[in-house]
Structures are given as structure tokens and as C-alpha cells.
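Architecture at a glance
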Amino acid sequence: MRLEYKANPSIRESVEFINENLKRKNNILILGSSIVNYTGRAKSSLSLGERLIIIKKDGSLLIHRSKGYSPINWQPPGSAAHAKEMEGKLIITSIRMKPVETIKVTIPDVQLIVSFTLQDKGEFELELSEEAMRKAVICKPDLIEKGFKPLEKEKPTDTGFIDLFGVDQEGRPVVVEFKRRKADKTSVTQLANYIEELEERRGVKARGILVSPSITKRAARLIEEKGIEYKKLTPRDYISLIKKEIPSKLTDYL
């Protein structure tokens, strides 16, 4: 990481420092009082207050207040920023071209400017809980298959608890087992035991669906032998759903 900073710089020093680091495509952090005006698909204004302003190397602009994790105003990657001095104030203008949107940040006094580079080649892996997977399916049953109706979660059996029990569009019982990581032979065996017990109790043929982001080769072979189905479900498929409200009763789907 390469880091440079200016503490309590003059407006002229701020303009030169920001524009030089914009040319270098460095990340820039600015602390100071600011007024923010936005024009584009709508219009907004934010009166004077102390804020954190971030300009990233990809053109993103983020304006943060002292509370909350979301920026009060922002521009996406690909936007172009420029700094200038006007009437003794630092003016930062960020323009997005499609659609045309402009954010103008007026900063009367600058407390701190930091420029820095970051080396980050780490791979992001999102892994949510089995409860999150189940919640998403209850919100949107079609994630399993069209016509699936969830009826009961944590359904007790002599060998454990069924993650989610429901029926398909033809009314057949369906046992769903969720695994947040790669499903293995143990996962298949567990689901097969649930199905066997359910069939013995009800005297009807039940379907079993194993749900996970991926599955081992041995588990895939065992699934075919047991007549169990597999549904691939990755966090990207359901992350937008887990914050939605679940119906107060699962039987609302009936």
C-alpha cells in the first residue's frame, strides 16, 4: 500500500492533490464540511455538514454521514470526477454519462485528504446459513420447482428434523434437505432416512430433494441410486430474498 495525506490543507493544495491522484487512479478519502447537490433523473440537495467523501480508482463516488452504512449520495463506477477552486471553496464534480447525472460537492474547509493504493486479489466467497436458504425458499418456493408448496419446517422424525416439508403441484409429499456447503454422501443418506420413515408412516410415495451450492461425485452417484433429486442453489440465487418477510403461517401457501 502506498499512502499520502494532507492535514488541514489549503483549498489550492487540496485541488492539486486531488486532481493529481485522480490522474494516477488512486483511491482518495476526504474529510471536511460539505454541501452536496445532485441533478439527473431527479434533484436533491444536502445542506452543510461534516462528512466523509470517497473517490475510488474506478470512478465511484461515495458520500457518507456519521451514521449508517449506506452513502447519502453516490456515483457508480465509470463516473469522472474533477476538483477545482471557486470562491475560496473546493468544488468536486462527479459526472455519470449514461444516464447523465451530476454530483457537485462544495467543501468550504478541508480537514484531511488521503490518497492510497490497495492491492487486493482476494476471491470473495459468500456462504449463508441453511436457515437463510430455507427462508429464501419459503419466500419464493419456485426456487425448488414450480408449484412447490412449503408446509412445515423442522418437521420431527425419529431420525431427526426435516428441514422443510411440503407438497408438489400434484400433491405428492416433498422432503427438502438444505446444505450450505458441498453436499456429500452423508447428506444423501440423511435425506434417504427421512423419506423412508415418512413413507412408512403415511404409506405414500414421497419425493426427496437435496439442495446445496454443489455436490460431490460420490453423492451424485448415490442420489441416482436412491432416486433422490438434486437442486443447485447458490447464495447469489437467494441473497436478495432473505430479508423479505416470511408469511406468518406456512399454510398460507395452501
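The structure under discussion appears in the preceding block.
Predicted, not measured: the structure shown is a model, and the values here were computed from it.

Analysis parameters
Residues numbered from 1 in each chain as written. Predicted model: local features only at pLDDT ≥ 70, side-chain atom pairs only at ≥ 80, totals over all residues. Heavy atoms only, no water. Helix = DSSP H or I, 4+ residues; strand = E, 2+ residues; numbered from the N terminus. Rg over C-alpha atoms; globule rule 2.2 N^0.38 Å. Buried < 20%, exposed > 50% of the residue type's maximum accessible area, 1.4 Å probe, protein only. Contact = heavy atoms within 4.5 Å. Areas by Shrake-Rupley, 256 points an atom, 1.4 Å probe, with all protein chains shown as cover. Lys, Arg positive; Asp, Glu negative; His and termini not counted. Charge placed at Lys NZ, Arg CZ, Asp CG, Glu CD. Core = buried A, V, L, I, M, F, W, Y, C linked by side-chain atoms within 4.5 Å. Pairing = 2+ DSSP bridges. Axes fitted to C-alpha atoms, helices over the stretch in contact; angles between N-to-C directions. Salt bridge = Lys/Arg side-chain N within 4 Å of Asp/Glu carboxyl O. Phe/Tyr/Trp six-rings, centres within 6.5 Å; stacked < 30°, edge-to-face > 60°. Lys NZ or Arg CZ within 6 Å of the ring centre and 35° of its normal.

**Things to note about the overall build of the chain**
Broken down by element type, the chain carries five helices and 13 strands. The C-alpha atoms of the chain give 27 Å as radius of gyration, which overshoots the globular expectation for 254 residues (18 Å, by more than 25%). Along the three orthogonal principal directions, the C-alpha set of the chain runs to about 85 × 40 × 30 Å. Burial analysis of the chain (254 residues in total) assigns 41% to the buried set. The long-range fraction of contacts in the chain, counting pairs at least 24 apart against all pairs at least 6 apart in sequence, stands at 55%. For the chain, the accessible surface area stands at approximately 15200 Å², while carbon and sulfur atoms represent 50% of it. Of the charged side chains in the chain, 46 are positive and 36 negative; the average position of the first set lies 6 Å away from that of the second.

**Things to note about the nonpolar core**
The biggest cluster of nonpolar side chains holds 21 residues, and the ones touching the most others in it are Ile18, Ile30, Leu90, Ile92, Val105 and Ile107. With five residues, strand E8 (residues 101-116) is the largest single contributor of residues to this core. Those residues in contact with isoleucine 30 that sit more than four places away from it in its chain are Ile18, Arg51, Leu52, Ile53, Ile92, Ile107, Val110, Leu112 and Ile113. Counting 18 residues, the second largest nonpolar core, distinct from the first, contains Leu164, Phe178, Val211 and Leu233.

**Here we look at the sheet that holds strand E13 (residues 229-232)**
Spatial strand order, E9-E10-E11-E12-E13: five strands in an open sheet with mixed pairing. Among the strands making up the open sheet, the edge pair consists of strand E9 (149-157) and E13. Averaged over all pairs of adjacent strands, the angle between strand axes in this sheet comes to 30 degrees, irrespective of strand direction. As judged from the four bridges shared by strand E10 (residues 160-167) and strand E11 (residues 173-178), these two strands associate in the antiparallel manner. Residue pairing for E11: leucine 164 is matched across the bridge by valine 176. Across the sheet, helix H3 (residues 185-202) is in contact with E9, E10, E11 and strand E12 (207-212); its angle to E11 comes to roughly 155 degrees.

**Here's the deal with the pairing of strand E6 (residues 80-86)**
Both E6 and strand E7 (residues 89-96) contribute to a ladder of seven bridges, which runs antiparallel. Counterpart to histidine 82 in the pairing with E7 is threonine 93. In this structure, the hairpin formed by E6 and E7 is closed by a connection of two residues, where glutamate 87 is found at a positive phi of approximately 50 degrees.

**Overview of the pattern of salt bridges**
Scanning all chains against the criterion turns up 17 salt bridges. With its nearest N and O atoms 3.0 Å apart, the salt bridge here joins glutamate 197 to arginine 201. With glutamate 197 and arginine 201 both in helix H3 and four residues apart, the pair spans about one turn of that helix. For glutamate 197, a relative accessible area of 9% translates into the label buried. Taken together, the salt bridges that share partners define one network made up of Glu145, Asp168, Glu170, Arg172, Arg207 and Glu229.

**Regarding the packing of aromatic side chains**
Evaluated as defined, the whole model comprises zero aromatic pairs. Between the NZ or CZ atom of lysine 155 and the centre of the ring of phenylalanine 165, over which it lies, the distance is 5.0 Å.

**Re the pairing of E10**
Of all eight residues making up E10, seven are buried, and the element is well covered by its neighbours. In terms of strand pairing, E9 meets E10 through seven bridges, oriented antiparallel. Looking at E10, one finds that glutamate 152 is bridged to phenylalanine 165. From the end of E10 to the start of E11, which pair antiparallel, there are five residues, and glycine 171 there has a positive phi angle of about 85 degrees.

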